[in-house]
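One letter stands for each residue in the lines below.
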Amino acid sequence: MTLYPQHHAEGVLLACDLAVRMSLEAAGRSIRNRRGRSSRGAYQGVADSHLYMSLTPAPTAAEVDRFEESFSRWWGLPSVLDDSSVPHIQMIMKACAAYVRTLVLSQQAHDVDALRKYLAQVDAVAVG
């Protein structure tokens, strides 16, 4: 495992954490909106950041697939992470996407430590 300097690893984690939070909000809104106007009213008062956890029934793999097809937030990561110091940026983006997919399908809350573990699998940050 390549260990990056602490400030570098924390920068990668911070950028990914923001992208994950934005994508979870977008996923919840997208899935809710595709279900039709009648279901929108059921989620008034639910914060966008928690919407994906409140959808009833839970999001399906097909709904997440449709959301992912039109989603492009991951591709902003290279603009904030220097490609020369993070040569495996594509793997980081794929790890973030897999993490979000898991959370949306299981309707589990985002946890920065869990994200850190996902990113450690692609050697982006150190665990611990």
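Because the structure is predicted, anything quoted here is derived from the model rather than measured.

Definitions and cut-offs
- Residues numbered from 1 in each chain as written.
- Predicted model: local features only at pLDDT ≥ 70, side-chain atom pairs only at ≥ 80, totals over all residues.
- Heavy atoms only, no water.
- Helix = DSSP H or I, 4+ residues; strand = E, 2+ residues; numbered from the N terminus.
- Buried < 20%, exposed > 50% of the residue type's maximum accessible area, 1.4 Å probe, protein only.
- Contact = heavy atoms within 4.5 Å.
- Areas by Shrake-Rupley, 256 points an atom, 1.4 Å probe, with all protein chains shown as cover.
- Salt bridge = Lys/Arg side-chain N within 4 Å of Asp/Glu carboxyl O.
- Arc of directions from axis to C-beta.
- pLDDT = per-residue confidence, 0-100.
- Axes fitted to C-alpha atoms, helices over the stretch in contact; angles between N-to-C directions.
- Parallel < 35°, antiparallel > 145°, perpendicular 65-115°, else oblique.
- Left-handed = near helix turned anticlockwise from the far one by under 90°.
- Nonpolar A, V, L, I, M, F, W, Y, C, P; charged D, E, K, R; others polar.

1. Some remarks on the overall build of the protein chain
Secondary structure summary: the protein chain contains seven helices and zero strands in total. Counted from the first residue to the last, the protein chain has its helices and strands arranged as α-α-α-α-α-α-α. When each of the 128 residues of the protein chain is scored for burial, the buried share is 40%. The long-range share in the protein chain, meaning contacts at least 24 apart out of those at least 6 apart in sequence, stands at 67%. Accessible surface, the protein chain: about 6,900 Å² in total, of which carbon and sulfur atoms supply 54%.

2. Describing the pattern of salt bridges
For the coordinates displayed, the defined rule picks out six salt bridges. Where arginine 116 meets glutamate 10, a salt bridge forms, and the shortest distance between an N and an O atom there is 3.0 Å. Remark: glutamate 10 occurs in helix α1 (residues 6-34) and arginine 116 occurs in helix α7 (residues 112-121); sequence separation between them is 106 residues. The class of glutamate 10 is partly exposed, set by a relative accessible area of 29%. Salt-bridge contacts for aspartate 48 lead to arginine 29; the nearest nitrogen and oxygen are separated by 3.1 Å. With aspartate 48 in the loop between α2 (37-40) and α3 (51-54) and arginine 29 in helix α1, this pair connects stretches of sequence that are 19 residues apart. The class for aspartate 48 is partly exposed, based on a relative accessible area of 31%.

3. Considering the environment of serine 39
Relative to the elements of secondary structure, serine 39 occurs in helix α2. Residue classification places serine 39 among the buried positions, given a relative accessible area of 16%.

4. What about helix α4 (residues 61-69)?
Within α4 the residues assigned to the buried category are Glu63, Val64 and Phe67. An end-on view of α4 places all buried positions within 95 degrees of arc, on one side of the element.

5. Side note on the confidence of the model for the protein chain
Summing up the model confidence of the protein chain, the mean pLDDT is 81 and the portion of residues at 70 or higher is 80%. No element of the protein chain has a lower mean pLDDT than helix α5 (residues 77-80), at 72, and none a higher one than α3, at 95. Counted against residues more than four places away or in other chains, residues 1-6, with its pLDDT under 50, gives 10 contacts.

6. Focus on the packing of α4 against helix α6 (residues 89-106)
Two numbers describe a pair of packed helices, the interaxial angle and the distance between the axes. Their axes nearest at 10 Å, the elements α4 and α6 cross at an angle of 140 degrees. Overall, the two elements α4 and α6 adopt an arrangement that is oblique. In this structure, the crossing between α4 and α6 has a hand that is right-handed. Within the contact between the two elements, α4 uses Ala61, Val64, Asp65 and Glu68 and α6 uses Ala97, Arg101, Val104 and Leu105. In terms of residue class, the contact of α4 with α6 is made up of five nonpolar, no polar and three charged.

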